[in-house]
Amino acid sequence: MEGLSRRRLVGLSAALPLLGQVSWAAPAAAAAAPGPAPVRLNYNESPFGPSAAA
Amino acid sequence: MHQGVAGCGRYPYPLQYQLIEVFARQQGVDEDQVQVFCGSKLALQNAVHAFTGPRSLVVPEPSYETPAQTAEARGAKVHSVPLNAQQAHDVEAMLAVDPKPGLIYLCNPNNPTGSVTPAADIERLLRKAPADSVVVVDEAYIHFSDVPSCIPLVKTHANLLVLRTFSKLYGMAGARVGLAVGQPPLLEALEKFDGYNVAAEPSLRGALASLEDASLVARRKQDNQQLRDATVARLSRAGWRCTASQANCFMVDVRRPAEAIVAALKEQQVLVGRVWPSWPTWIRVSVGDEAQMRRFEDAFFRVLV
Ligand SMILES: Cc1ncc(COP(=O)(O)O)c(C=O)c1O
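Residues numbered from 1 in each chain as written. Chains lettered and ligands numbered in written order. Predicted model: local features only at pLDDT ≥ 70, side-chain atom pairs only at ≥ 80, totals over all residues. Heavy atoms only, no water.

1. Description of the overall build of chain A
Consideration 1: Counting secondary structure elements, chain A contains two helices and one strand.
Consideration 2: Walking chain A from its N terminus toward its C terminus, one meets helices and strands in the order α-α-β.
Consideration 3: Within chain A, the fraction of its 54 residues that count as buried is 19%.
Consideration 4: A total of about 4000 Å² of accessible surface is found on chain A, and carbon and sulfur atoms cover 67% of it. (Helix = DSSP H or I, 4+ residues; strand = E, 2+ residues; numbered from the N terminus. Buried < 20%, exposed > 50% of the residue type's maximum accessible area, 1.4 Å probe, protein only. Areas by Shrake-Rupley, 256 points an atom, 1.4 Å probe, with all protein chains shown as cover.)

Below, the structure written as structure tokens:
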């Protein structure tokens, strides 16, 4: 596990429920282009996940 | 791992002992020379708590930052020793920087460079280090490499602690299982900070299944090597210098402030690792699957025209 700040994660998730309540947030989110999911090559994780046997 | 969810009402100590037993048998060590931690990071932090404070920590630079961060948090002196020209640990310099350190940290292969340190150098360090200085060899990435493990050396070196993880080749970073291997007094010293904790049952079941999957290491090692070496070869042909990696990450010298390149790649939806202040023009790239490496390369060559 590498340097992800828990405070930042908690801050982000605390803000999420609020987003739906503000008038500009929903249209802005809907307008965002779907785009490809980011490629995560930042934490030396395995792209393959646990063994199929697991 | 799914089966383990149903068992989550109980503390799964029997499974933890089973994991210790299987690992000890496979590695040819005694069961009391192995302990399980919720991530090898925790074992490493506990080692820093146990063995530094009044005495110092010696680390290579650049390397995995956790030991230095933990030592700094407890006010212990940290000596950072640059890797040598071969990007291996400079063991003579590490030995010379403090005649009586509390803990010497080695990472083989090293994060973030992926470079390796020859076994002979580690053995020399073990021979020359003071008997009461603990040497930690972090083998988080060993499965990807051709270097021999230091685990057999714990039998003859009372001050050696070897760390392993299920987070890297075994693909279980989110399940949090790591192992420490060493003689019982060293493991006891770590346990003082861990209170004989137990990992989660799904995680222990996943770890056991991984150890029992006979072809997993060889298969994933080969896939990782192919993907890494193909990308490194294409970057090198285009004139970009890369580290000689034997891990699931490598570094590229982008010959300009690397933070800006990390940000530019992020705009291309490609996330790469953080920048080490001592190597400010290098980015660290983890090895993904084939499609992910293609996307990395496309983005890299768009950003660095
Ligand atoms: C060298 C090294 N050691 C230890 C760890 C910690 O691994 P974990 O706590 O997931 O077992 C990492 C994770 O990135 C690492 O790079």
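2. Remarks on the site of the ligand
Consideration 1: Neighbouring the ligand are 16 residues, the closest being Asp-138, Tyr-141, Thr-165, Ser-167 and Arg-176 of chain B.
Consideration 2: In this structure, the ligand is bordered by residues of chains A and B.
Consideration 3: At 2.6 Å from an oxygen atom of the ligand is found a side-chain nitrogen or oxygen belonging to Thr-165 of chain B.
Consideration 4: In the complex, 100% of the free accessible area of the ligand, which totals 400 Å², lies under the protein chains.
Consideration 5: Among the elements of the structure, helix H3 (40-51) and strand S4 (103-107) of chain B are those that each provide at least two residues to the shell around the ligand.
Consideration 6: Across the shell around the ligand, the residue classes break down as six nonpolar, five polar and five charged. (Near = heavy atom within 4 Å. Polar contact = N/O pair within 3.5 Å; in protein donor to acceptor, adjacent residues only side chain to side chain. Nonpolar A, V, L, I, M, F, W, Y, C, P; charged D, E, K, R; others polar.)

3. Structural notes on the side chain of Thr-66 of chain B
Consideration 1: Checked against the element boundaries, Thr-66 of chain B lands in helix H4 (residues 66-73).
Consideration 2: Thr-66 of chain B has contacts with Lys-41, Leu-44 and Gln-45 of chain B, leaving out every residue within four places of it along the chain. (Contact = heavy atoms within 4.5 Å.)

4. Remarks on the confidence of the model for chain B
Consideration 1: Mean pLDDT over chain B stands at 98; residues scoring 70 or higher make up 100%.
Consideration 2: What the predictor reports for the complex is a pTM of 0.92 with an ipTM of 0.93. (pLDDT = per-residue confidence, 0-100.)

5. Examining the packing of helix H2 (residues 13-27) of chain B against helix H8 (residues 201-212) of chain B
All names here are of chain B.
Consideration 1: Here H2 crosses H8 at 20 degrees, and the two axes come no closer than 9 Å. With respect to H8, the element H2 is oriented roughly parallel. The crossing of H2 and H8 is left-handed. Each of Leu-15, Gln-16, Gln-18, Leu-19, Val-22, Phe-23 and Gln-26 in H2 lies in contact with H8, whose residues at this interface are Glu-201, Leu-204, Arg-205, Ala-207, Leu-208, Leu-211 and Glu-212. (Axes fitted to C-alpha atoms, helices over the stretch in contact; angles between N-to-C directions. Parallel < 35°, antiparallel > 145°, perpendicular 65-115°, else oblique. Left-handed = near helix turned anticlockwise from the far one by under 90°.)

6. Quick look at unusual backbone geometry
All names here are of chain B.
Consideration 1: Residue Pro-62 is bonded to the preceding Glu-61 through a cis peptide linkage, with omega at 0 degrees.
Consideration 2: Tracing the backbone through its elements, the reader meets Pro-62 in the loop between strand S2 (57-61) and H4.
Consideration 3: Each neighbour pair has its own omega, and for Asn-108 with Pro-109 the value is -5 degrees, a cis peptide bond.
Consideration 4: The residue Pro-109 is located in the loop between S4 and helix H6 (119-128) in this model.
Consideration 5: The phi dihedral of Tyr-196 falls on the positive side, at around 50 degrees, and the residue is not glycine.
Consideration 6: If you trace the backbone, Tyr-196 turns up in the loop between helix H7 (184-191) and H8.
Consideration 7: For Tyr-196, a relative accessible area of 44% gives the class partly exposed.
Consideration 8: Positive phi outside glycine occurs at Arg-255, with the angle close to 55 degrees.
Consideration 9: Locating Arg-255 in the fold gives a position in the loop between strand S8 (249-253) and helix H10 (258-267).

7. Quick notes on the environment of Ala-189 of chain B
All names here are of chain B.
Consideration 1: Inspection of the secondary structure puts Ala-189 in helix H7.
Consideration 2: Among the residues examined, Ala-189 registers a relative accessible area of 15% and is labelled buried.
Consideration 3: Separated by 139 residues in sequence, Ala-189 and Ala-50 have C-alpha atoms that sit 6.1 Å apart.
Consideration 4: Those residues in contact with Ala-189 that lie beyond four places of it in its chain are Ala-50 and Phe-51.

8. Thoughts on the packing of aromatic side chains
Residue and element names in this part refer to chain B.
Consideration 1: Tallied over the full model, the rule gives seven aromatic pairs over all chains.
Consideration 2: When the ring of Tyr-11 is compared with that of Tyr-13, the centres are 6.5 Å apart and the planes differ by 50 degrees; the resulting orientation is tilted.
Consideration 3: By relative accessible area, Tyr-13 is classed as partly exposed at 28%.
Consideration 4: With centroids separated by 6.2 Å and ring planes inclined at 35 degrees, the aromatic side chains of Tyr-13 and Tyr-17 adopt a geometry described as tilted. Here Tyr-13 and its partner Tyr-17 are both found in helix H2, four residues apart, which amounts to about one turn of the helix.
Consideration 5: Among the aromatic side chains, those forming a connected cluster through ring pairs are Trp-240, Phe-296, Phe-300 and Phe-301.
Consideration 6: Taking NZ or CZ as reference, Arg-255 lies 4.1 Å from the ring centre of Trp-240, over its face. (Phe/Tyr/Trp six-rings, centres within 6.5 Å; stacked < 30°, edge-to-face > 60°. Lys NZ or Arg CZ within 6 Å of the ring centre and 35° of its normal.)

9. Some words on H7 of chain B
Consideration 1: Buried residues of H7 of chain B: Leu-186, Leu-187, Ala-189, Leu-190 and Glu-191 of chain B, and no others.
Consideration 2: For H7 of chain B, the secondary structure elements touched by its buried residues are strand S1 (34-37), H3, strand S5 (134-138), strand S6 (160-165) and strand S7 (178-181) of chain B.

10. Some words on the interface of chain B and chain A
Consideration 1: Of the residues lining the interface, 37 residues belong to chain B; the matching set on chain A comes to 20 residues.
Consideration 2: Across the chain B/chain A interface, buried area totals approximately 2400 Å², and carbon plus sulfur atoms make up 52% of it.
Consideration 3: Three residues, Arg-220, Gln-269 and Leu-271 of chain B, lead the burial of chain B against chain A; their summed loss comes to 21% of the area buried on that side.
Consideration 4: Connecting chain B to chain A are zero salt bridges.
Consideration 5: Taken together, the connections running from chain B to chain A amount to 14 residue pairs in polar contact (both at pLDDT 80 or more). (Buried area = accessible area lost by both parts, 1.4 Å probe. Salt bridge = Lys/Arg side-chain N within 4 Å of Asp/Glu carboxyl O.)

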